[in-house]
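# Results of the structural survey
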Amino acid sequence: MKENIKEYICLIDDEYQVIKALTRELSDYAEENSIGLKVYPSPLECLQELPQIADKTSVIISDLRMPGMKGSDFFLSLNKEYPDIELIMLTAYNDIDDIQKAITARIRSLILKPWDPDKLLLEIADARSFHQMKTDDDSFRKMIDYQLETAGDFQKKLLDTTIPEIQNAKVELSYIPYEKMKIGGDYYDIIKLDEARFLVNIGDVVGHGVKPAFVTAMLKVLTSSISKKNRSELYTPGRLLKLLNKQLCSLLKNSGEMLVTFSSLLIDTEKRTLTLANAGHMPLYIINKENCTSHVVDGPALGYLPDMAYAELEIPLHEDDIIVVYTDGLLESEILHTKIREEVVQRFLVEAGRDQDFNESVIKKSKMVRDIEHFHDDVSLISIHI
């Protein structure tokens, strides 16, 4: 078989039993497709040999938590040096920070241990097909670009949100899709419940490309449906996240693991209160005059386990407060692998609060702090002026 090898798939895990199981389950598939399986106990060993086989390597499957080098750092290195190789993260490790870091490295999918062998083979087949597509001729690339542009236009129309008139509040929404992909994994919506109460939802689906974009469409439909059925005084963001998570887990159970970070805010301008529920999403900021405070509630990302409850935090509001929620593309740099420091964020949010166009000012300041012309991920930013 060695003489007939057309491509390689690399498997990296520090647990011998995991490597043994993967090799056993993939051996028939590899032989049928003339694939060589390369196994490594650590990312560093893979990086040492990869230059010799990179041109024939289509897929790399790696654990997230390993000694010597974190899987997330490994993926970032691969994305920079070998952008055509498809990356699959295999993990039982539920750490949203490391998972989010790995996501910026353009991983194709996340597969949780213990894995389903059939789903694993489907993900590998999809990854190999996409790798072949990326290495095909220029005309094929142009066709894919056109299809992504068309899908991006459709997604933009689907997510288009009419900002409702709200008593004693002004809402601003800004969305900047990731230029290279033309289609994004950010979700946002503003839903008016009555004259004084409205709901602000914002979310970020793991990964880039068509698959996360489909999930954003599902989120739009699901949240609208749940909200319409729960417009009474009993409605809460925590209940929304619980119902949304349960439905997502059911709908996505046969499509490979997908995670969604999500934040839901219920704002009551009459009672001057904000109720926050959070599913692994970024902090919320409140700016008032010269002060800026961050608020977050612990809660697992959506789509992981179906029977999860989500805590709520009630925050008092005051006249002239500016509430800010966003997706991580605003403050994190995929190229520099860094995040803007908390004190810097709070300073430029306070400065932006003095400007007439708050959102535009925040976006300009974020680019200026990182010395970039374009964002390296989708960016969604919602501000609410009380």
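Here is a short report on the structure shown in this document. Everything numeric in this text was worked out from a predicted model, so none of it was measured.

### Observations concerning the nonpolar core
Ranked by size, the top nonpolar core spans 26 residues in total, and within it C10, I12, L50, I60, F74, L78 and L87 carry the most contacts. Secondary-structure elements contributing two or more residues to this core are β1 (7-12), α2 (43-53), α3 (71-81), β4 (86-91) and β5 (109-112). Aside from chain neighbours lying at most four places away, what touches I60 is C10, I12, L50, F74, L78, I85, E86, L87 and I88.

### A few points about the packing of α2 against α3
Helix-helix packing is characterised by the crossing angle of the two axes and by the distance between the axes. Across the interface, α2 lies against α3 with an axial gap of 10 Å and an inter-helix angle of 15°. With respect to each other, α2 and α3 are oriented roughly parallel. Of the two possible hands of crossing, α2 and α3 adopt the one that is right-handed. Where α2 abuts α3, its residues P43, C46, L47 and L50 lie against F74, S77 and L78. Here the residues of the contact of α2 with α3 sort into 6 nonpolar, 1 polar and no charged.

### A closer look at the sheet that holds strand β3 (residues 57-63)
Taken together, the 5 strands give an open sheet; going across it, the order is β2-β1-β3-β4-β5, and neighbouring strands pair in parallel fashion. Each edge of the sheet is formed by a strand with only one pairing partner; in this case those strands are β2 (35-40) and β5. The average angle at which neighbouring strand axes cross in this sheet is 20°, direction not considered. Here 4 bridges tie β4 to β5, and the two strands are oriented parallel to one another. What sits directly across from M89, in β5, is L110. Seen against the sheet, helix α5 (residues 117-134) touches β1, β2, β3, β4 and β5 and runs at an angle of roughly 140° to β3.

### A short note on helix α8 (residues 237-251)
Between its first and last C-alpha atoms α8 spans 21 Å; for 15 residues at 1.5 Å apiece the expected length is 21 Å, and the two agree. The complete set of buried residues in α8 reads P237, G238, L240, L241, L244, N245, L248 and C249. Around the axis of α8, the buried residues are gathered within 150° of arc, so they sit on the same side.

### A word on α2
Looking at α2, one finds that the buried residues are P43, C46, L50 and I53. Projected down its long axis, α2 carries its buried residues within an arc of 75°, all on one side. Projecting away from the buried face of α2 at angles above 90 degrees are the exposed residues Q48 and Q52. Next to the buried residues of α2 lie β1, β2, β3 and α3.

### Brief notes about the packing of aromatic side chains
Counted under the stated rule, the structure contains 4 aromatic pairs. For the pair F74 and F75, a centre-to-centre distance of 6.1 Å together with 35° between the ring planes defines the contact as tilted. Pair check on accessibility: F74 and F75 agree, each one buried. Seen from their ring centres, Y187 and F262 are 5.6 Å apart, and the 20° between their planes marks the pair as stacked. Taken together, the residues span a long stretch of sequence, with Y187 in strand β7 (residues 186-192) and F262 in strand β9 (residues 260-268) at a distance of 75 residues. Since its relative accessible area comes to 0%, Y187 is described here as buried.

### So, the packing of helix α1 (residues 16-32) against α5
At their nearest, the axes of α1 and α5 sit 11 Å apart, and the two run at 55° to each other. Of the possible angle classes, the one that applies to α1 and α5 is oblique. Between α1 and α5 lies a crossing of right-handed hand. Contacts between α1 and α5 involve L22, E25, L26 and Y29 from the first element and P117, L120, L121, I124, A125 and R128 from the second. Grouping the constituent residues of the contact of α1 with α5 by class yields 8 nonpolar, no polar and 2 charged.

### Structural notes on the sheet that holds strand β8 (residues 197-205)
The sheet built from 5 strands is open, its strands ordered β7-β8-β9-β10-β13 with antiparallel pairing. The sheet terminates laterally at β7 and β13 (312-316), the two strands that pair on one side only. If you compare each strand with its neighbour and ignore which way they point, the axes differ by 15° on average. Note that strand β10 (residues 273-279) and β13 share 5 bridges and pair antiparallel.

### Considerations on the pairing of strand β17 (residues 379-385)
Burial analysis of β17 places 7 of its 7 residues in the buried class, the great majority of the element. The two faces of β17 match: V379, L381, S383 and H385 on one face and S380, I382 and I384 on the other face are all buried. As defined by bridge partners, strand β6 (residues 170-176) adjoins β17 across 7 bridges and the pair is classed as antiparallel. Paired with Y175 across the two strands is S380, which belongs to β17. Judged from the 5 bridges that link them, strand β14 (residues 322-326) and β17 form a sheet pairing that is antiparallel. Of the residues in β17, the one forming a bridge with V325 is I382.

Rules of the game
By convention here, each chain's residues receive numbers from 1 onward along its written sequence. Residue-level local features of this predicted model are given only where pLDDT is at least 70; pairs of side-chain atoms are given and counted only at 80 or more, and the full residue set underlies all totals for whole chains, interfaces and linings. As a convention, hydrogens and water are excluded, and side-chain values are obtained from all of the structure's heavy atoms. Throughout, nonpolar core names a set of buried Ala, Val, Leu, Ile, Met, Phe, Trp, Tyr and Cys residues whose side chains join them through atoms within 4.5 Å. Whether a residue is buried, partly exposed or exposed follows from its accessible area with a 1.4 Å probe, protein chains only, as a fraction of its type maximum: under 20%, in between, or over 50%, in that order. Helical segments are the DSSP runs of H or I of at least four residues, strand segments are the runs of E of at least two, and each set is numbered from the N terminus. Contacts are residue-level and defined by heavy atoms, with any inter-residue pair within 4.5 Å sufficient. Angular values range over 0 to 180 degrees, each being the angle between N-to-C directions of two axes fitted as lines to C-alpha atoms, with helices fitted over their stretch in contact. Roughly parallel covers angles under 35 degrees, roughly antiparallel covers those over 145, roughly perpendicular covers 65 to 115, and oblique covers all other angles. It is the rotation of the near helix from the far one that decides the hand of a crossing: anticlockwise by less than a right angle makes it left-handed, clockwise makes it right-handed. Put simply, Ala, Val, Leu, Ile, Met, Phe, Trp, Tyr, Cys and Pro go in the nonpolar bin, Asp, Glu, Lys and Arg in the charged bin, and everything else, Gly too, in the polar bin. We call two strands paired when DSSP finds no fewer than two bridges between them. To estimate how far a helix should reach, multiply one less than its number of residues by 1.5 Å. Each C-beta atom gives one direction from the helix axis, and the arc is the one those directions make. Classification of ring pairs rests on two measures: the distance between centres of Phe, Tyr or Trp rings, Trp counted by its six-membered ring, which must be within 6.5 Å, and the angle between planes, read as stacked under 30 degrees, edge-to-face over 60 and tilted in between.

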